[in-house]
Amino acid sequence: MTPVWYHVRDLAAARGFYQDKLGFTETFVEADGTWAKLERNGMEIALAEGEPQEDGGVAHVDVEDVKAAAEELRQAGVEVGVVFELHGQIRLLDVFDPDGNRLQLAQELSG
């Protein structure tokens, strides 16, 4: 699987945010410390220092309960959007890292 790449201003801080706040597991760190790869529920992301890109990719992470995740993240001070439901099939939530990079949490709903 090819990871979704995010540019971040502070790689160490971003690695901590994705692990501590969003539940990702770090799977690789480049020996020279220029980038890292993390994974959660089959979604791989890569973080590299640089200026965040507005039109970058968006990681899609499956979760059990989007509403509970939204509340937990809000309580932790993470910037999140509004839970959005599409035709009773899926719930989505935009989540933003401290650099403004967007990822999406998703919960499939049983019809």
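Residues numbered from 1 in each chain as written. Predicted model: local features only at pLDDT ≥ 70, side-chain atom pairs only at ≥ 80, totals over all residues. Heavy atoms only, no water.

(A) Main features of the nonpolar core. Grouped together as the largest cluster of nonpolar side chains are 26 residues, with contacts concentrated most on Y18, I45, L47, V95, L103 and L105. Listing elements by their share of this core, those giving two or more residues are β1 (4-8), α1 (11-20), β4 (43-49), β5 (59-62), α2 (66-75), β8 (90-96) and β9 (102-108). (Core = buried A, V, L, I, M, F, W, Y, C linked by side-chain atoms within 4.5 Å. Buried < 20%, exposed > 50% of the residue type's maximum accessible area, 1.4 Å probe, protein only. Helix = DSSP H or I, 4+ residues; strand = E, 2+ residues; numbered from the N terminus.)

(B) The packing of aromatic side chains, seen in detail. In this structure the tally under the stated criterion is five aromatic pairs. For the ring pair Y6 and Y18, a centre distance of 6.1 Å and an interplane angle of 20 degrees mean the geometry is stacked. Taken together, the residues Y6 in strand β1 and Y18 in helix α1 connect sequence positions twelve residues apart. Neither residue differs from the other here; Y6 and Y18 are each classed as buried. (Phe/Tyr/Trp six-rings, centres within 6.5 Å; stacked < 30°, edge-to-face > 60°.)

(C) Representation of the side chain of Q107 within the structure. Turning to its location among the elements, Q107 is positioned in strand β9. With relative accessibility at 11%, the residue Q107 sits in the buried group. Those residues in contact with Q107 that lie beyond four places of it in its chain are V63, E64, D65, V66, K67, Q89, I90 and R91. (Contact = heavy atoms within 4.5 Å.)

(D) How the structure looks around the sheet that holds strand β2 (residues 25-29). If you walk across this open sheet you meet the four strands as β1-β4-β3-β2, and the pairing is mixed. With one partner strand each, in any of the chains shown, β1 and β2 form the two edges of the open sheet. Shown here is a sheet whose adjacent strand axes are inclined to one another by a mean of 25 degrees, direction ignored. Helix-sheet contacts for α1 involve β1, β2, β3 (35-40) and β4, and the interaxial angle to β4 is about 160 degrees. (Pairing = 2+ DSSP bridges. Axes fitted to C-alpha atoms, helices over the stretch in contact; angles between N-to-C directions.)

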